[in-house]
Each structure stands twice: as C-alpha cells, then as structure tokens.
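Here's the letter readout for the chains.
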Number of protein chains: 2
Amino acid sequence: MKLYALEAGRISEPRTIADAGEFGLIRRITAALKSGPQALVGPGDDAAVVATPDGRVVASTDLLLENRHFRRDWSTANDIGHKAAARSFSDIVAMGAQPTSLLVGLAAPGELELSWVDGLLAGLIEECAQVGAVVVGGDVSASDQIVLAVTALGELGERQPVLLSGAHVGDIVAVCGRLGWAAAGFAVLSRGFRSPVQIVNAHRRPEPPYAQGLQAADLGATAMTDVSDGLIADLGHIADASNVRIDLRGEALTPNSKVRDVASALNVDPMTWVLTGGDDYALVATFPNFASLPPEWTAVGLVREGSGVRVDGLRWSEGGHEHFR
Amino acid sequence: MKLYALEAGRISEPRTIADAGEFGLIRRITAALKSGPQALVGPGDDAAVVATPDGRVVASTDLLLENRHFRRDWSTANDIGHKAAARSFSDIVAMGAQPTSLLVGLAAPGELELSWVDGLLAGLIEECAQVGAVVVGGDVSASDQIVLAVTALGELGERQPVLLSGAHVGDIVAVCGRLGWAAAGFAVLSRGFRSPVQIVNAHRRPEPPYAQGLQAADLGATAMTDVSDGLIADLGHIADASNVRIDLRGEALTPNSKVRDVASALNVDPMTWVLTGGDDYALVATFPNFASLPPEWTAVGLVREGSGVRVDGLRWSEGGHEHFR
C-alpha cells in the first residue's frame, strides 16, 4: 500500500473501514447512493421518510451473516449486495407489492477493505434499480464478522396484499422462477468446484421474477409466497395458513437439464434440490382456475381438502431445512 | 432440566432455540406478540403491512451486537429488549414522528435458552407499549453471537419532519432528557461495580423523552436529533447540515449530582460524559426563540454563524466517539 500511496501522491488515502472511521464510512456510503421521488427524506438524517401514496406500507426484514448466508471466497461483494437486496425485495413482491426502498445495516471488521464495501453498495444499488427502489437509510457498526440487516419497504398501490392464508380448495398451484438452481450451485461450491458457471451464479446472485409477483396479484392469485426455505416448506406455510392440502405433481417439477447434469455428476437426486432448495426466490402462488394463470407461470399442483404438502400423493420426508438443527 | 421435565410431565419441553428449531422459535415469538389497528398484516406472512394514514412512513434501522452494544452479564434480556426498541424509537421521535411498529431480526447461537428470548421479547413489547407501537415482523437466524437488527416505522401525522438541516442563526439550542447518565453507568460496570443502581440502570435501560419529540415538532423546533453518539458529535451533525455554529454554555450543562458523585469516585471529569456520552437518547433541538421553548426543555446554547460546536467558546477536543477507531 505504501507504494500505491506514494505513486498516487496521497499518503493518507483510506484503505479499510477503520482508516475511514465510522462517520467517514457513512459519508462514503451516503455519497454513493442514488435518490428517487419516493425518498422524501433520504439517508443522513435520524430516519428516512418514504412516500406511501395509498396509506399503507409493506415491510420485511432479513439478516444475512457471513459464513452462514454468504462466503466471501465464494461470492464477490457485488454478488452479496445483489443477493441481500433480492432476498428482501422477494418478500415484498410475494405480497403483490412493489418495492420502493431499502434500509441497510452493515456490521463489519475494521480491517475490511473499503473496496469491498464499495462493491457491496454497487450490488445493492444495482438490484434496487431493477425494481425502481432506492436505499433510504441504514446503520454501521464494528463486528468480528460481516452482518447485513436489510429491510425492504414496498407499496401495494390499490391492490390487496396476497397472503399465505388465501388458498381455496380447487385452486391451481403454480410456480414462476428457478427451482433447485441455487441449491445445485451451493452443492457445487461446497465440493470445491467453480463450474458450471450458470449454476454457481444462480447461488451467488439469484434472479427473482419480480414482475410476476405484481402480475399474479393483478390476475387474482389467492395466496403467494417466495421460495426461500424450499418449495415444500414454503408451500407448507400456505397449506397451514389456508387450512388446505397442497398436492404437487412430480412430473411438473422435472428439474432443469443443467440442474440434472450437476446432480448426476455429484450423484445426488436433483428432486431434493427442486423440492427443498431455497435461495432461488422463485414465486409460488395459487390461482382460482386455469384461465387466470399467467403464461409465465407453470401449473405444478392443486389445492385439496386436508393438510400438509404431498408430491404424487406422498409426503416428502426431508422437508425444508430448519436453520437451528 | 431433566427434573423439571419429569415434574412437568413433558419430556421434550424445549429449553434452547436449537430444541425449538427455526419454525418453532418463530411460532413462539409470533404467539407472544400483541397486535394493534396499525398492523393491517402482522407477523407470519412474507411481509407486514402497516397503515400510514398521511401517505408517508418514517423508517430507521439499528444494529445491536452482543459485547459491542450490550453484554449479557451486565444487562438482563428484558433490559436489552427495552434498549433495542428504545434506540430505534428515539430516531423516529427525533424526526417529530410517532413510532407505530417494529421489525426485529434476531440471530443467536442454538444453545441460547428460550427463557432469554422470552425476556428479550417481553422487553421489546413493553417498550413498544410505551409509544403505542407493535412488533409487526422479523427474521431469525443462527449465529455465534447474538445480533439484533431493529427497524422502527413511524408516522408524522400532518407534521413536517424536523430535520438536522433546519437550524437558523439566532435559534436557541435546548436539551430534554438525561446527559451523561448512561456513560457513567457504563464506566461503573466497566470497573466491575454494580452500583449506584440508578446510574447503572441508565446504561441498561435508557428512558428517552418520547413525548417531547412530538411536542418540540408541534412547537416549531427547527432542527432536532437524539443524542446517541454524544452531545457534541450529534450537535455537530446539526451544525454541519444547517451550516451554522453551535455555541453551548458549559454552565447550563452542569452534570446531575448522581453523575458527579460517580465521576468523583472514579476520578473522571463528569463533563466528558455529559458532552460525549451516548446511549441516554436525550433529545437536542433548536427553537426559534425562548417563547417557543417547552417547559420540559433546558436552554443550553445558541445557534451562531460559522461551523462546528463550541463549549464556552472553545472546541471540545475529545469529540464524540467513532466506533471503528
């Protein structure tokens, strides 16, 4: 660094967040952020003020911890920024709402390089741009490991929120987005491989089908959620909240060929990834009938009387993952 | 625990959050929460929906990390719940807004006892009740140390937000709430003492003057912030944002006698705590004239032309603390 500092003629150029200090870090972050008309008061004050034209705000919060939700040797700072924002936006979209803004808490070790923070911020801002949201506030703290606490806000417009509890017997269950890709990517990375790139990148940077959440709400979806814990686990929440049984057709959930190839190479049943893998942030919803099913969605099952989730009439024994076990 | 389990006749009574599992923990938390009319959709769905009657929402997020923001051997779980909520509500109130709701991210080790989580939750709920807010959502994750990520939402009613940038030359600077108490309590605890209890409790469980934030806004405060980094540092933010100088009168900031007694016992200058101690969440605001100053507030200085913050015409050399240095 001394060489660089001498070459650049700036002896005190800060390299780490400890060099920048807390207020220096906040100034750096604030300067990078973009604004938008929804941010009536943006970053830098005690709190943000965000426009909520229809008199309601949709809000969801997520924690992402280093070495639990991401690894710095597997994903770039930019990837992690994208994923952190996507994870929260996905929850907003699964209510049938439009994300408007993000608050970001960042705790990190003092020796973390500012270039990493810049990359994280760029990823957050790029993912925000995909949905028309802006970062309106946040908090920074020192910590031993990186912690991200992301809160997304959104607006329903004149829509009613699409809840977990609205599924009716006879509804069609449909999916939009990838299933099992991120889980396959995680398996590849876990075994020390870095390819196929498309599969690995699905883990690093999910691509939730944002537009289809609002589309489903407008077309009368009765219940909806994003697949973050795994299809079976997340449909289980709909089944519980709606007091119904969800019957899936295994045939309709045939894994993508790229996922199958990876599964074959790793000697894994790819249906495990499809049924229990989270982190792709696909949307799964129930629709009153086939006529209401948008073309981007794939019918994968039916809502019946009863409880729980079945695949071809059988309970899936593994279920979704529970993080504390 | 075995004895208890046998006595209670329930062999599998969960004791830790690992026993309960992620979904069990979420169910336990959700069952403890109270609802309110502002929570149009409360905890348990993908996201919460909160009423924002005037078409705006005020939002602030804070991270609290074990052994940085709190210690389990210094504070009870209940204290920590109170403090976590108070910290975020204080930011909402400092905008001249009324807190309405809270989202809480909790990361914790699997071996953490459920009784600790219950205590935390009770503290959060009790602090919410003080301002009429409710917990509307959250997230849980496993981690090595306890992490709390708290986002508070609030409403302005028909008020304009009171910003950092509104102070004018000639305004009166006034304070409401404790200064230096929490810093004194921290000093006492740091040296292994546990008394005087009132001072130690000021660190454990701050008592922000919530009602006076709205009062100040209604009475025409031109700028306001809560004292979380220290009076000099936080007034420095007002000075910077408003392009003014803040002149404090040291005489008006005479430490409380209990704070003085502790300072004397520990051989510390109590003005250091008054001027640079955070965590009491006092409010400091600027008012256009003495007639507008509410009785609960104490005039401590004047807004002048220039920059920075001075005490009796002198710069305070220590300034507020910066956490990364």
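Whatever comes next refers back to the structure up there.
A quick note: this is a predicted structure, and the numbers were derived from the prediction, not measured. (Residues numbered from 1 in each chain as written. Chains lettered and ligands numbered in written order. Predicted model: local features only at pLDDT ≥ 70, side-chain atom pairs only at ≥ 80, totals over all residues.)

Some details on the overall build of chain A
Moving on, step 1. In terms of helices and strands, chain A carries 10 helices and 13 strands.
Moving on, step 2. Along the first, second and third principal axes, the C-alpha set of chain A runs to 70 × 50 × 35 Å.
Moving on, step 3. For chain A, with 325 residues in total, the buried portion stands at 56%.
Moving on, step 4. Partitioning the contacts of chain A with sequence separation of at least 6, the portion at a separation of at least 24 is 84%. (Helix = DSSP H or I, 4+ residues; strand = E, 2+ residues; numbered from the N terminus. Buried ≥ 20, exposed ≤ 12 C-beta atoms within 10 Å, placed from the backbone. Contact = placed C-beta atoms within 7 Å.)

Here's the deal with the pairing of strand S12 (residues 308–311) of chain A
Look at any regular strand and the pattern is simple: side chains alternate between the two faces of the sheet.
Residue and element names in this part refer to chain A.
Moving on, step 1. Where burial is concerned, the two faces of S12 differ: the one with Val309 and Val311 is buried and the one with Gly308 and Arg310 is not.
Moving on, step 2. Across 4 bridges, strand S9 (residues 245–248) lies against S12 in parallel orientation. Note on S12: the bridge partner recorded for Asp247 is Arg310.
Moving on, step 3. Of the pairings in the sheet, the one linking S12 to strand S13 (residues 314–315) comprises 2 bridges and is antiparallel in character. In the strand pairing of S13, Arg310 is matched with Arg315.
Moving on, step 4. Linking two consecutive strands that pair antiparallel, namely S12 and S13, is a turn of 2 residues; a positive phi of about 50 degrees is found at Asp312 within it. (Pairing = 2+ DSSP bridges.)

Some remarks on the interface of chain B and chain A
Moving on, step 1. Every contact between the two is made by 55 residues of chain B and, on the other side, 55 residues of chain A.
Moving on, step 2. Among the elements that make up the side of chain B that touches chain A, the one with the highest residue count is strand S3 (residues 56–65) of chain B (9 residues).
Moving on, step 3. Its residues assigned to classes, the side of chain B that touches chain A comprises 30 nonpolar, 14 polar and 11 charged.
Moving on, step 4. Relative to strand S2 (residues 48–51) of chain B, strand S3 (residues 56–65) of chain A is paired through 4 bridges, and the arrangement is antiparallel. Its bridge partner being in S2(B), A:Ala59 is matched across the sheet by B:Ala48. (Nonpolar A, V, L, I, M, F, W, Y, C, P; charged D, E, K, R; others polar.)

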